[in-house]
Amino acid sequence: MHPPISEYLAGVRRGLRCPLERRPEVMEELCGHLLDRADALMGQGLSHAEARRQALREMGPGWFLALRLSLANGWSPLVPLFRQIWAMGLGFQVLVAAVMVSERAPEVQFMPVREACAYGVLLAALLTFGFAMGRIVRSWAWAITLIFALIMPFTRESQGIEALPLSAMIAVFVGSVLGSRRESPSLARPAWAAGGAVMLWWLGSDESARGLLVSLPDAVVGWAIVASPWLLWLSARGLEQLGRRRLAGPAE
Amino acid sequence: MPRTDDKLLEGNLATVLMAILSDGPSYGYAIIVEAEGRTGGRLRVRQNALYPALHKLEGRGMIAGEWREAGGRRRRYYRLTPKGRKELERRRARWREFAASMNGVLGETRYAPADL
């Protein structure tokens, strides 16, 4: 359409942090402003291309504009920080749970078809979970699997990565890459449910019951570890609500 | 022509925007042109400061925005709300008081509070 302007706006859109339904309006408003300014500059004798470039120069760097617009819409820099730590913590827990489930699986006397179905459901859950993480924390989502890949060899007696934990990692990774390219808040809910299901599966296992429910000190430590990412998530939500309430509150 | 200090303007940008909108609904670019026109080009609103300030005022309920078709382009027009009008009056009074105090300190006698 207007190459320099559309590229500039795409950069602003990438950095903008405000409710999803508001973003197209903000972009349309900025686009209209830039075109108005370019028209005015053309009226002063500038060429079509130079007028557009000058209009963009006057608007300043796209990332800075995006930051100012995000702050004006109640966003806080702590929100993405909390969300990224939350996503990495939760992602790590879900993957550990998935591996423990997979380690238990050979002991369970399933029929091969049922076993394959159980693995399929687990991988689908991880794929969906990764998708939500990718949507929420964008490009940082892949770090969940990277951290996991670095830590996992030290947590297992046998060295190396076996087929199912590897496929679990790939599922989360692929899901997070796909999720980082989409913008849909409604997709986060089924994914949280999928992550929660994997966690409950693990918490319901004999191993975790011994560790988390029988011994009180272990239970306190264990549940604190499980709950800590969610405290960060609640903090991020709280900050968002606070930002919007401050905006809507009485003027100083 | 000397321009108004950017920092001084940024601190009072919300007041400037509300004052312009008190004359009737307008959209972003037209607000900038109007601010320059009223001050003979001395007051130039930074383009990357305009929309954050408008959105903040909208979030606080001082102004309200709506889309309108004008000049073959869809534009977001902002109008001052009753809450914004009240706030503008408060800011006007505060500015008069501040300007009178500054004039007193600087020895400027041309602008007495009653003149402003």
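Since the model is a prediction, treat every value here as computed from it, not as a measurement.

Enquirer: In this structure, what is going on with the overall build of chain A? I would like to understand it.
Expert: When you go through chain A residue by residue, the secondary structure sums to 11 helices and 0 strands. The linear arrangement of helices and strands in chain A, starting from the amino end, is α-α-α-α-α-α-α-α-α-α-α. Counting the 252 residues in chain A, one finds 43% classified as buried. Entry remark: accessible area of chain A is about 13,400 Å², with carbon and sulfur atoms responsible for 67%.

Enquirer: Would you mind showing me how to read helix α5 (residues 82-106) of chain B here?
Expert: For an α-helix, 3.6 residues make a turn, and residues three or four places apart therefore share a direction. Residues and elements named next belong to chain B. Helix length check: α5, at 25 residues, gives a terminal C-alpha distance of 36 Å against a target of 36 Å (1.5 Å per residue), a fit within 8%. Listed as buried for α5 are G84, E87, L88, R91, A99, A100 and N103. Buried-residue contacts for α5 involve α2 (13-21) and β3 (73-80).

Enquirer: Explain a nonpolar patch on the surface here, please?
Expert: Together, B:W95, B:F98, B:M102, B:V105 and B:L106 give the surface a local cluster of nonpolar side chains, amounting to about 550 Å² of exposed area. Within the fold, B:W95 resides in helix α5.

Enquirer: Would you take a moment to explain the packing of α2(B) against helix α3 (residues 28-38) of chain B for this structure?
Expert: All names here are of chain B. Interhelical geometry of α2 versus α3 gives an angle of 95 degrees and a closest axis separation of 10 Å. In this view, α2 runs roughly perpendicular relative to α3, as classed from their interaxial angle. Residues L17, A19, I20 and L21 of α2 lie in contact with α3, whose contacting residues are I31, E34, A35 and R38. A per-class count over the contact of α2 with α3 returns 6 nonpolar, no polar and 2 charged.

Enquirer: Mind showing me how you'd approach the confidence of the model for chain B here?
Expert: Residues and elements named next belong to chain B. Looking at chain B, the pLDDT average stands at 85 and 85% of residues meet or exceed 70. Here helix α1 (residues 6-11) stands out as the least confident element of chain B, with mean pLDDT 70; strand β1 (residues 26-27) is the most confident, with 94. Two numbers describe this predicted complex: its pTM, 0.62, and its ipTM, 0.82.

Enquirer: It is not clear to me how the sheet that holds β1(B) should be interpreted in this structure. Could you clarify?
Expert: Each strand in a sheet pairs with its neighbour through backbone hydrogen bonds, running either in the same direction (parallel) or in the opposite one (antiparallel). Residue and element names in this part refer to chain B. Here 3 strands make up an open sheet; going across it, the order is β1-β3-β2 and the pairing antiparallel. Looking along the sheet, the strands with just one partner apiece sit at the ends: β1 and β2 (63-70). Taken together, the 8 bridges between β2 and β3 define a ladder with antiparallel strand orientation. Within β3, the position partnered with A70 by the bridge is R73. Contacting β2 and β3, helix α4 (residues 47-59) runs over the sheet at an angle of about 120 degrees to β2.

Enquirer: Got a minute to help me understand the interface of chain A and chain B in this structure?
Expert: Accessible area lost on assembly of the parts is the figure often given for the size of an interface. Counting from both sides, the interface comprises 28 residues of chain A and, opposite them, 27 residues of chain B. Summed over both partners, the interface of chain A with chain B comes to about 2,400 Å²; 49% of that surface belongs to carbon and sulfur atoms. Looking only at chain A, the three residues that lose the most surface to chain B are A:E29, A:H33 and A:R68, adding up to 25% of its buried area. Residue A:E28 pairs with B:R74 through a salt bridge whose shortest N-O separation is 2.7 Å. If you look at where chain A meets chain B, you find 13 residue pairs in polar contact (both at pLDDT 80 or more). Within the residue set of the side of chain A that touches chain B, elements represented by two or more residues are α2 (23-43), α3 (48-59), α4 (62-72) and α11 (216-248) of chain A. For the side of chain A that touches chain B, the element with the highest residue contribution is α2(A), accounting for 12 residues. Of the residues assigned to the side of chain A that touches chain B, the class counts are 12 nonpolar, 5 polar and 11 charged.

Enquirer: When you look at the pattern of salt bridges in this model, what are you seeing that I'm missing?
Expert: Between side chains of opposite charge, a pair can form when the charged atoms approach closely. Under the counting rule described, the total for this entry stands at 17 salt bridges over all chains. The salt bridge involving A:D36 is made with B:R73; its shortest N-O contact spans 2.6 Å. In this pair, A:D36 sits in helix α2 while B:R73 sits in strand β3, so the two residues belong to two different chains. The buried category is assigned to A:D36, whose relative accessible area is 9%. Each of A:R22, A:E25, B:E58 and B:R76 takes part in a single network of salt bridges with overlapping partners.

Enquirer: When you look at the environment of A:D36 in this model, what are you seeing that I'm missing?
Expert: For the pair A:D36 and A:R52, spaced 16 residues apart in sequence, the C-alpha to C-alpha distance is 9.9 Å. Contact partners of A:D36, with chain neighbours within four places excluded, come to B:Y27, B:Y29, B:R73 and B:R75. A distance of 2.6 Å separates polar atoms of two side chains, one belonging to A:D36 and the other to B:R73. Side-chain polar atoms of A:D36 contact the side chain of B:R75, separated by 2.5 Å.

Enquirer: Which parts of the structure should I look at to understand the packing of aromatic side chains?
Expert: Within a pair of aromatic rings, the relevant descriptors are the distance that separates the centres and the angle that separates the planes. Residues and elements named next belong to chain B. Using the criterion set out here, one finds 3 aromatic pairs over all chains in the structure. Relative to F98, the ring of W95 has its centre 5.7 Å away and its plane inclined at 45 degrees; by these criteria the two rings are tilted. Of this pair, W95 and F98 are both found in helix α5, 3 residues apart, which corresponds to roughly one turn of the helix. Given a relative accessible area of 44%, W95 falls into the partly exposed group. Of note, R68 hangs over the ring of Y77, and the distance from its end group to the ring centre comes to 4.7 Å. Taking the ring centre of W67 as reference, the NZ or CZ of R74 above it sits at 4.5 Å.

Thresholds applied
Residues numbered from 1 in each chain as written. Chains lettered and ligands numbered in written order. Predicted model: local features only at pLDDT ≥ 70, side-chain atom pairs only at ≥ 80, totals over all residues. Heavy atoms only, no water. Helix = DSSP H or I, 4+ residues; strand = E, 2+ residues; numbered from the N terminus. Buried < 20%, exposed > 50% of the residue type's maximum accessible area, 1.4 Å probe, protein only. Areas by Shrake-Rupley, 256 points an atom, 1.4 Å probe, with all protein chains shown as cover. Expected span 1.5 Å × (residues − 1). Contact = heavy atoms within 4.5 Å. Patch = residues over 30% accessible without salt bridge, like charges linked within 9 Å, V, L, I, M, F, W, Y side chains within 5 Å. Salt bridge = Lys/Arg side-chain N within 4 Å of Asp/Glu carboxyl O. Axes fitted to C-alpha atoms, helices over the stretch in contact; angles between N-to-C directions. Parallel < 35°, antiparallel > 145°, perpendicular 65-115°, else oblique. Nonpolar A, V, L, I, M, F, W, Y, C, P; charged D, E, K, R; others polar. pLDDT = per-residue confidence, 0-100. Pairing = 2+ DSSP bridges. Buried area = accessible area lost by both parts, 1.4 Å probe. Polar contact = N/O pair within 3.5 Å; in protein donor to acceptor, adjacent residues only side chain to side chain. Phe/Tyr/Trp six-rings, centres within 6.5 Å; stacked < 30°, edge-to-face > 60°. Lys NZ or Arg CZ within 6 Å of the ring centre and 35° of its normal.

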